[in-house]
Amino acid sequence: MWQLVELVIGAVLFWRIAVPFFLSVVLAILLARTVPFFDATAGIATAIIGLTFGTYWHARNEEGLGLTEKRPTKAQPVSWPVAALGLMFIGFVWGGLFTAFTGSYLRSAVGLLLTTIPVLVWNKKVLRAEVHAKTLVFAYGFLLAGLALGVLFHRVSNGF
C-alpha cells in the first residue's frame, strides 16, 4: 500500500517527468491498437522518448530555464569521459531497440545516427546553439561504440 502512495507522491513532485511519460504510454497503446506493425519494441521506444523529454524538461526547470531558453555558458563544462559514457549508454539501449525493430545491425547503426537530426535541429533552431564538427564526430563515434558493445554482448550471449 505504501508503495502506491510513494508512487503517487513521486508523480506529483516530478510531474514534468510523469506527464510526458504517461502521454507517451497512452500514445503507444493507441498506436498498438490501430497500426498493425506497431509492436512492443516500438511501444517501448515511444515510452522512452516520453521519459527522455520529461527528464529534459524537469532538468531545465531545475536550472530555472524554460524549454526554449538558451543556457548561459558554464564555467565547468561536462567532462568528456562522462559524455562518452552517456553516449555509449544511449547507443547501447537505442541500438538494441533499433536492432530488435529492424533485424539488422547496419540499419540500426544508420537509424541511430539519424536520430541525432532532431537534436541538431533543436539546438540550431530553438536553442540557437552552434554545433561543431568535432562534437558530432565525438557523439557519432560513441553512439556507435555503444551499439558495438550491444552487438558484442548479443554475440557472446548467443555463442558467436
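Below or above, wherever it landed, is the structure these notes cover. Since this is a predicted model, take the numbers as computed values, not measurements. Think of each chain on its own: its residues are numbered from 1, step by step along the sequence as written. Since the coordinates come from a predicted model, pLDDT governs what is reported: local features require at least 70, and pairs of side-chain atoms require 80 or more to be given and counted, while whole-chain, interface and lining totals use all residues. With hydrogens and water stripped out, all remaining heavy atoms of the structure feed into the side-chain values.

## Observations concerning the side chain of Thr 41
Piece 1. Secondary structure follows DSSP: runs of H or I at least 4 residues long count as helices, runs of E at least 2 residues long count as strands, and numbering of each begins at the N terminus. Tracing the backbone through its elements, the reader meets Thr 41 in helix H3 (residues 40-62).
Piece 2. Thr 41 gets classed as buried once you look at its relative accessible area, which sits at 16%.
Piece 3. In this view, Thr 41 contacts Leu 97, Ala 100 and Phe 101; residues no more than four positions away in its chain are not counted. Buried means the residue's accessible area, taken with a 1.4 Å probe over protein chains only, is under 20% of the maximum for its type, while exposed means over 50%, and partly exposed covers the values in between. We call two residues in contact when some of their heavy atoms are within 4.5 Å.

## Here we look at helix H4 (residues 80-102)
Piece 1. With 23 residues, H4 should reach 33 Å at 1.5 Å per residue; the first-to-last C-alpha distance of 31 Å fits that figure.
Piece 2. Turning to H4, its buried residues number three or more, namely Ala 84, Leu 87, Gly 91, Trp 94, Gly 95, Leu 97, Phe 98 and Thr 99.
Piece 3. In the core, the buried residues of H4 are packed alongside H3, helix H5 (105-114) and helix H7 (133-157).
Piece 4. After H4 finishes, the residue Gly 103 shows a positive phi value of roughly 80 degrees. One less than the number of residues in a helix, times 1.5 Å, gives the span that helix is expected to have.

## A short note on the packing of aromatic side chains
Piece 1. In this scheme Phe, Tyr and Trp rings, the latter by its six-membered ring, pair at centre separations within 6.5 Å, and the angle between planes marks the pair as stacked below 30 degrees, edge-to-face above 60, and tilted otherwise. Scanning all chains against the criterion turns up six aromatic pairs.
Piece 2. Judged by centre distance (5.3 Å) and plane angle (80 degrees), the rings of Trp 15 and Trp 57 are edge-to-face. In this pair, Trp 15 is assigned in helix H2 (residues 15-34) and Trp 57 in helix H3, connecting sequence segments 42 residues apart.
Piece 3. Clustering of aromatic rings is evident, with ring pairs tying together Trp 15, Phe 53 and Trp 57.

## A short note on the environment of Ala 18
Piece 1. Position of Ala 18 relative to the elements: it lies in helix H2.
Piece 2. Through-space distance from the C-alpha of Ala 18 to that of Asn 158 is 37 Å; in sequence the pair is 140 residues apart.

## Here we look at the pattern of salt bridges
Piece 1. Put simply, a salt bridge is a Lys or Arg side-chain nitrogen that is within 4 Å of an Asp or Glu carboxyl oxygen. Summed over all chains, the structure comprises one salt bridge.
Piece 2. Glu 130 is paired through a salt bridge with Lys 124; the nearest N and O atoms lie 3.1 Å apart.

## Here's the deal with a nonpolar patch on the surface
Piece 1. On the surface, a cluster of nonpolar side chains totalling about 560 Å² of accessible area is made up of Trp 15, Val 19, Phe 22, Leu 23, Val 26 and Leu 30.
Piece 2. Looking at the secondary structure, you find Phe 22 in helix H2.
Piece 3. Classification of Phe 22 as exposed rests on a relative accessible area of 54%. A patch consists of residues whose relative accessible area exceeds 30% and which take part in no salt bridge; residues with like charges are grouped when within 9 Å of each other, and nonpolar side chains (Val, Leu, Ile, Met, Phe, Trp, Tyr) when within 5 Å. Method for areas: the Shrake-Rupley scheme with a 1.4 Å probe, in which residue coverage is limited to the protein chains shown.

## Focus: the packing of H5 against helix H6 (residues 116-126)
Piece 1. Between H5 and H6, the least distance of the axes is 5 Å, while the angle of their chain directions is 10 degrees. The pairing of H5 with H6 is recorded here as roughly parallel in orientation. Contact with H5, carried on its side by Leu 112, Leu 113 and Leu 114, involves Thr 116, Ile 117 and Pro 118 of H6 and no other residues of that element.
Piece 2. Residues belonging to the contact of H5 with H6 are distributed by class as follows: five nonpolar, one polar and no charged. Inter-axis angles, ranging from 0 to 180 degrees, are taken between N-to-C directions of lines fitted to C-alpha atoms, where helices are fitted over the stretch in contact. For this classification, under 35 degrees means roughly parallel, over 145 means roughly antiparallel, 65 to 115 means roughly perpendicular, and everything else is oblique. Polarity classes work like this: nonpolar for Ala, Val, Leu, Ile, Met, Phe, Trp, Tyr, Cys and Pro, charged for Asp, Glu, Lys and Arg, and polar for all others, with Gly in that last group.

## Describing the side chain of Thr 116
Piece 1. Considering the arrangement of structural elements, one finds Thr 116 in helix H6.
Piece 2. Looking at Thr 116, the relative accessible area reads 12%, which means it is buried.
Piece 3. A distance of 2.6 Å separates the side chain of Thr 116 from the backbone oxygen of Leu 113, its partner in a polar contact.
Piece 4. Among the polar contacts made by the side chain of Thr 116, one reaches the side chain of Tyr 140 at a distance of 3.1 Å.
Piece 5. Excluding anything up to four places from it in sequence, Thr 116 contacts Tyr 140 and Leu 143. Polar contacts here mean pairs of N or O atoms no more than 3.5 Å apart (in protein, one a potential hydrogen donor and the other a potential acceptor; neighbouring residues in sequence count only if both atoms are side-chain atoms).

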